[in-house]
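# Breakdown of the fold
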Amino acid sequence: MRKIGVLTSGGDAPGMNAAIRAIVRKSIYHGIETYGVYQGFSGLITGNIKKLEIGSVGDIIHRGGTMLQSARCEEFKTKDGQKQGLDCLNKHGIEGLVVIGGDGSYHGAKALTELGFPCIGVPGTIDNDIPGTQYTIGFDTALNTVLDAVDKIRDTATSHERTFVIEVMGRDSGDIALWAGLAGGAESILIPEEPHDMEDIADRIESGLKRGKKHSIIIVAEGVASGAAFAEKLKERTGLETRVSVLGHIQRGGTPTAFDRVLASRLGARAVELLMDEKGGRAVGIKNEEVVDTDLLEVFEQQKHMNDDLYQLSQELSI
Ligand code: ATP
């Protein structure tokens, strides 16, 4: 393989730049040219492709977002759009493609693989919801951003003796809520994977208040309910006034943590190694500290399971 492409797609995640850097530099180290496809799969359709040199990826390892930009591209979900993308790759003489993104992006990579074009999926999303890896690039940074906010909100919650409802990202995956809730000592954590019991939540708050607790923090993943809707229901049940904080897009940005930079560098480098070995159609990931790869076409047959032990622990510690 002499020429490979790289694109970032779907929601941006801190550490994507570190992955791009690793892909470009690992390739150049091994005498392979790298082409950046800008704005996700739409760049494949419009031909927004530029050659990347060593210096093109300088000074980005510490930056959030993605230098290649990202986009949602509905056209690429159609056979016609995928065919156009394939033609574009062939026209540029690109022989393999690394796709960094979440589950939707993996489906795009899967579609190209099914058309016979070698693609490698690199898990880049703050949601930590991709099968085939324990951690996705961006999750650790987002988690620390949320934790920082939880700690700050706790200060004001304690000072004013208030209950706060904090809404965090996670439509189908509760990992951000669960990990931030455990690390931040939240009283209740609501995640899409587990049903919640309003009576239990209300009882916890009330018994906390009785024993002189000065604040309560409830973390709600957006897939369960909006913070405002949940606060309203809680008020109906307990009469308790709460303050709601929606963390929103700050969770996506910021300087990637050391963990995310190292993970991105390792996974990006493995993606290039796989293409060098003519092993297209793989998804890279990390399991028990080892870089692993699985079949991209089968990766969604596995389910990404939430960590039940962590959830149980959070329940036991938040009495
Ligand atoms: P995140 O989880 O952070 O939102 P994502 O990769 O899941 O990231 P999506 O918007 O779902 O984000 O997908 C990104 C892009 O991948 C889409 O805009 C589209 O171009 C492409 N894509 C999604 N699903 C498919 C599909 N079934 N076939 C081909 N391409 C797809």
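Residues numbered from 1 in each chain as written. Predicted model: local features only at pLDDT ≥ 70, side-chain atom pairs only at ≥ 80, totals over all residues. Heavy atoms only, no water.

As annotated in an unreviewed UniProt entry, the chain is ATP-dependent 6-phosphofructokinase from Siminovitchia acidinfaciens. Recorded under Function (unreviewed entry), the UniProt text for the chain is reproduced unchanged: "Catalyzes the phosphorylation of D-fructose 6-phosphate to fructose 1,6-bisphosphate by ATP, the first committing step of glycolysis." Looking at the Catalytic activity (unreviewed entry) heading of the UniProt record, one finds this comment for the chain: "beta-D-fructose 6-phosphate + ATP = beta-D-fructose 1,6-bisphosphate + ADP + H(+)". (UniProt positions renumbered as here; feature names shortened; annotations may be inferred.)

## A few points about the sheet that holds strand S2 (residues 33–37)
With mixed pairing, the seven strands of this open sheet are ordered in space as S3-S2-S1-S4-S5-S10-S11. The open sheet is flanked by strand S3 (49–52) and strand S11 (290–295), the only strands paired with a single partner. The sheet shows a mean angle of 30° between the axes of neighbouring strands, direction not considered. Alignment of strand S10 (residues 282–287) against S11, held across six bridges, turns out to be antiparallel. (Pairing = 2+ DSSP bridges. Helix = DSSP H or I, 4+ residues; strand = E, 2+ residues; numbered from the N terminus. Axes fitted to C-alpha atoms, helices over the stretch in contact; angles between N-to-C directions.)

## Quick look at the UniProt feature "domain: Phosphofructokinase" (unreviewed entry) in the chain
Here, UniProt's "domain: Phosphofructokinase" (unreviewed entry) annotation points to residues 3–275. Within residues 3–275, the helical portion is 44% and the strand portion 17%, while the C-alpha atoms at the span's ends are 10 Å from each other.

## Some remarks on the site of the ligand
The environment of the ligand is made up of 17 residues, and the closest members are Arg72, Cys73, Asp103, Gly104 and Ser105. In this structure, Gly11 approaches the ligand through a main-chain N or O atom, which is 3.4 Å from an oxygen atom. Contact distances for the ligand include 2.5 Å between an oxygen atom and a side-chain N or O atom of Ser105. When the ligand is considered free in solution it has 630 Å² of accessible area, and contact with the protein chains removes 85% of it. Among the elements that take part in the shell around the ligand, helix H4 (residues 103–114) stands out by supplying five residues, more than any other. Looking at the shell around the ligand, its residues break down into three nonpolar, 10 polar and four charged. (Near = heavy atom within 4 Å. Polar contact = N/O pair within 3.5 Å; in protein donor to acceptor, adjacent residues only side chain to side chain. Areas by Shrake-Rupley, 256 points an atom, 1.4 Å probe, with all protein chains shown as cover. Nonpolar A, V, L, I, M, F, W, Y, C, P; charged D, E, K, R; others polar.)

## Let's talk about the packing of aromatic side chains
The tally for this structure, following the rule as stated, stands at six aromatic pairs. Centroid distance Tyr135 to Phe139: 6.5 Å. Interplanar angle 15°. Geometry classified as stacked. Overall, the relative accessible area of 2% leaves Phe139 in the buried class. Ring geometry for Phe139 against Trp179: centres 5.7 Å apart, planes inclined by 85°, an arrangement best described as edge-to-face. Here Phe139 is found in helix H5 (residues 139–160), whereas its partner Trp179 is found in helix H6 (residues 175–184), with 40 residues between them in sequence. An aromatic cluster of at least three residues, connected via ring pairs, comprises Tyr135, Phe139, Trp179 and Phe259. For Lys50, the ring lying beneath its charged end belongs to Tyr38, and the centroid distance is 4.5 Å. (Phe/Tyr/Trp six-rings, centres within 6.5 Å; stacked < 30°, edge-to-face > 60°. Buried < 20%, exposed > 50% of the residue type's maximum accessible area, 1.4 Å probe, protein only. Lys NZ or Arg CZ within 6 Å of the ring centre and 35° of its normal.)

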